[in-house]
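Single-letter residue listing:
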There are 2 protein chains.
Amino acid sequence: MISKNQLKFYSSLKEKKHREQEGYLLIEGLRLCEEAVAANLNFKTLLYISNFPTTDRSQKLIAACQKKNILCEEIPTKALDKLADTKNPQGVVAIVKKPERNYSDFLASNPQTIIALFEINDPGNLGTILRTANWFGVDGVILSANSVEYTNPKVVRASMGSAFHLPVFENAALSDFLNDLKQQGYSLYYADSNTGTNFYDVTYAKKSVLILNGETAEIDEDIKQVSHEKIIIPGEGKSDSLNVAIAAGIILSEINQKRN
Amino acid sequence: MISKNQLKFYSSLKEKKHREQEGYLLIEGLRLCEEAVAANLNFKTLLYISNFPTTDRSQKLIAACQKKNILCEEIPTKALDKLADTKNPQGVVAIVKKPERNYSDFLASNPQTIIALFEINDPGNLGTILRTANWFGVDGVILSANSVEYTNPKVVRASMGSAFHLPVFENAALSDFLNDLKQQGYSLYYADSNTGTNFYDVTYAKKSVLILNGETAEIDEDIKQVSHEKIIIPGEGKSDSLNVAIAAGIILSEINQKRN
């Protein structure tokens, strides 16, 4: 049976401070637990209420966890409700280790498309960008300092689990990373909201970095300077701007179409 | 001075039931108030705290309201905090009449691009779709029953005011509307997440309707049947699906590029 102290520890992971200290995160719901298993995350435990294993899908999840020797524990509904952030955690949560990524290994894997994000603070936007990036086969994401953590529960939910699959390097000094990537032969495209080349007319290099900035952030001048091309998504001028996740989706779709 | 009863009435507009009964909505913050003025919405009142009119932008807003004979009232900070839904309403809120749109007038205006939305429940998604639609010059939106109301405060905020500018027809029996539009010469494109023509290879007709469904909704078979073409956005298969607002953005951008 789960102890009071364990429950207290798990519950503490709702706070960023404790997630950072401990290197663990709390995830909720069937879908995210399934994705975490599929992504081979390191589980501390899977916790579920007594009437959880009643569907095929939930039984499959428990079986998959057992096969990987993941600790599976039943907990009282009240305890699960204390842990859960969402109204409907579907009777299951898990404590998983934050994925650890090695940047040198990532570069050695010869990534083709990388996105570099400057100060994305909205968890929904970051999560949606990760989901979209994963859809279009982006190889990795570099996330600047002063962004929301990519393992924030709202980011993870909006990413529909893509946060577990995509290599994300956070707290990055973005211009250092970009200068380095440029030296390694990457072409850098910075999406601007005012002026630039129509993204539709750009021939994207095989090794491309797409740079986007958060909606309330003024991007650093040195990031603009290091970019090879400033691109825009033309509209009819009836609203001020596009949401950053929408802009990411439109450009990534175009890069994907031109590659195939 | 604003009375207790007035404050109670304004505050009641936070609830959908009262918004529907009264036909008014409560909007918050400088940007949305500016957009509501620009969209010529019918204001009941603009309410601001004593130290609001200290910037150029806030003074311009009050001047624009006065020019239109909109009632502008100072209220105590405590009263504004009671009305506001957001943590940072920037010292200003307004009570505005819900826009009234006439569908016959809309059709008579010869709209080219229309989007039809089936059961979009997430306010952030609907707001982002409206913002994106406005950016790409979509002429109007038809929103099915069992969707979030387009004047829900979260929708309005995510739309960045586009909810005031775009003609939206809600609570629609979607298949009736679509059958009618088809008879009037519109080509209907239904975005599917599984199979269909690559959206990139489609020649969009001058009069087009793009149909999208909410992420948890199974679209009605008769809506699929009435469509001329089922389209997909190809990905690399690394995540299950795209967010509906992202899908809307990608296809609307393509329609816009092909038109220009």
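Source: prediction; values computed, not measured. (Residues numbered from 1 in each chain as written. Chains lettered and ligands numbered in written order. Predicted model: local features only at pLDDT ≥ 70, side-chain atom pairs only at ≥ 80, totals over all residues.)

1. A few points about helix α7 (residues 123–135) of chain B
Think of an α-helix as 3.6 residues a turn; residues three or four steps apart then line up on the same face. To keep it simple, the criterion reads: Counting from the N terminus, the helices are DSSP H or I runs at least four residues long and the strands are E runs at least two residues long. Between the first and last residue of a helix there are one fewer steps than residues, each counted as 1.5 Å, and that sum is the expected span.
Taking 1.5 Å of rise per residue, the 13 residues of α7(B) would be expected to cover 18 Å, and the 18 Å separating its terminal C-alpha atoms lies within 8% of that figure. Looking one or two residues past α7(B), B:G137 carries a phi angle of roughly 70°, positive in sign.

2. Things to note about the domain arrangement of chain A
Residues and elements named next belong to chain A. Here is the rule: For every domain, the bounds stem from an assignment made automatically or drawn from a database. By definition, residue pairs are in contact when their C-beta atoms, positioned from the backbone, come within 7 Å. Under the grouping applied here, Gly and all other residues not named as nonpolar or charged are polar, the nonpolar ones being Ala, Val, Leu, Ile, Met, Phe, Trp, Tyr, Cys and Pro and the charged ones Asp, Glu, Lys and Arg.
Domain boundaries in chain A define domain 1 (4–97) and domain 2 (103–259). Distance between the C-alpha centres of domain 1 and domain 2: 30 Å. Listed by partner, the interface residues are eleven residues for domain 1 and eight residues for domain 2. Elements with a minimum of two residues in the side of domain 1 that touches domain 2: α2 (16–22), β1 (24–28) and α3 (30–38). The biggest single contributor to the side of domain 1 that touches domain 2 is α3, with four residues. Taken together, the residues of the side of domain 1 that touches domain 2 break down into six nonpolar, no polar and five charged.

3. Concerning the environment of A:L26
All names here are of chain A. Structurally, L26 can be placed in strand β1. Along the backbone, L26 and K82 are 56 residues apart, and their C-alpha atoms lie at a distance of 12 Å. Not counting chain neighbours up to four residues away, the residues in contact with L26 comprise Y10, L13, K14, L83, V93 and I95.

4. Thoughts on the relation of the copies chain B and chain A
Short version of the rule: Least-squares superposition aligns the copies on the C-alpha atoms of those residues with pLDDT at or above 70 in both.
Mapping chain B onto chain A leaves a residual RMSD of 0.0 Å; the transformation is a rotation of 180° accompanied by 0.0 Å of translation along its axis. Taken together, the rotation and translation relating the two chain copies correspond to the operation of a two-fold axis. Looking at the interface residues of chain B, 100% of them are also at the interface in chain A, so both copies use one shared face.

5. Thoughts on the sheet that holds β1(A)
All names here are of chain A. Rule in force here: Strand pairing follows a simple DSSP-based rule, namely that at least 2 bridges must link the two strands. Where helices are involved, their axes are fitted lines through C-alpha atoms of the stretch in contact, as for all axes, and angles between N-to-C directions lie from 0 to 180°.
Overall, mixed pairing links the four strands, which are arranged β1-β4-β2-β3 in an open sheet. The strands lining the two open edges of the sheet, one partner per strand, are β1 and β3 (72–74). Ignoring which end each strand starts from, the neighbouring axes of this sheet average 20° apart. Strands in contact with α3 are β1, β2 (43–48) and β4 (92–97); relative to β4, the strand with the most contacts, it is inclined by about 35°.

6. Concerning the interface of chain B and chain A
Each partner contributes to the interface: chain B provides 26 residues, whereas chain A provides 26 residues. Breaking the side of chain B that touches chain A down by element, the ones donating at least two residues are α7, α9 (162–165) and α12 (244–259) of chain B. In terms of residue class, the side of chain B that touches chain A is built from nine nonpolar, 13 polar and four charged.

7. Looking at the sheet that holds strand β5 (residues 113–118) of chain A
Sheet strands line up and pair through hydrogen bonds in the backbone, either parallel or antiparallel. All names here are of chain A. Spatially, the seven strands line up as an open sheet ordered β7-β6-β5-β10-β8-β11-β9, and their pairing is parallel. Strands with a single pairing partner mark the edges of an open sheet, and in this sheet they are β7 (168–172) and β9 (197–198). Direction of pairing for β5 relative to strand β10 (residues 208–213): parallel, over a ladder of six bridges. Counterpart to I114 in the pairing with β10 is V209. Across the sheet, helix α10 (residues 174–183) is in contact with β5, β6 (140–144), β7, β8 (187–191) and β10; its angle to β5 comes to roughly 155°. Against the sheet, helix α12 (residues 244–259) contacts β5, β8 and β10, and its axis sits at roughly 165° relative to β10.

8. So, the environment of A:E229
Residue and element names in this part refer to chain A. To keep things clear, this is the line we draw: Counting other C-beta atoms within 10 Å of a residue's C-beta gives its exposure: the residue is buried at 20 or more, exposed at 12 or fewer, and partly exposed in between, where C-beta atoms are placed from the backbone.
Mapped onto the elements, E229 comes out in strand β11 (residues 229–232). Its 16 C-beta neighbours within 10 Å are what place E229 among the partly exposed residues. Considering only alpha carbons, one finds E229 and G196, 33 residues apart in sequence, at a separation of 7.7 Å. Leaving out residues up to four positions away in the same chain, E229 has contacts with Y189, T197 and V202.

9. Thoughts on unusual backbone geometry
The phi angle at A:N171 is positive, at roughly 55°, despite the residue not being glycine. With respect to the helices and strands, A:N171 occurs in strand β7. Here A:N171 falls in the exposed class, since 10 other C-beta atoms lie within 10 Å of it. The phi dihedral of B:N40 falls on the positive side, at around 60°, and the residue is not glycine. Examined against the element boundaries, B:N40 turns out to sit in the loop between α3 (30–38) and β2 (43–48). We classify B:N40 as exposed; it has 11 C-beta atoms within 10 Å.

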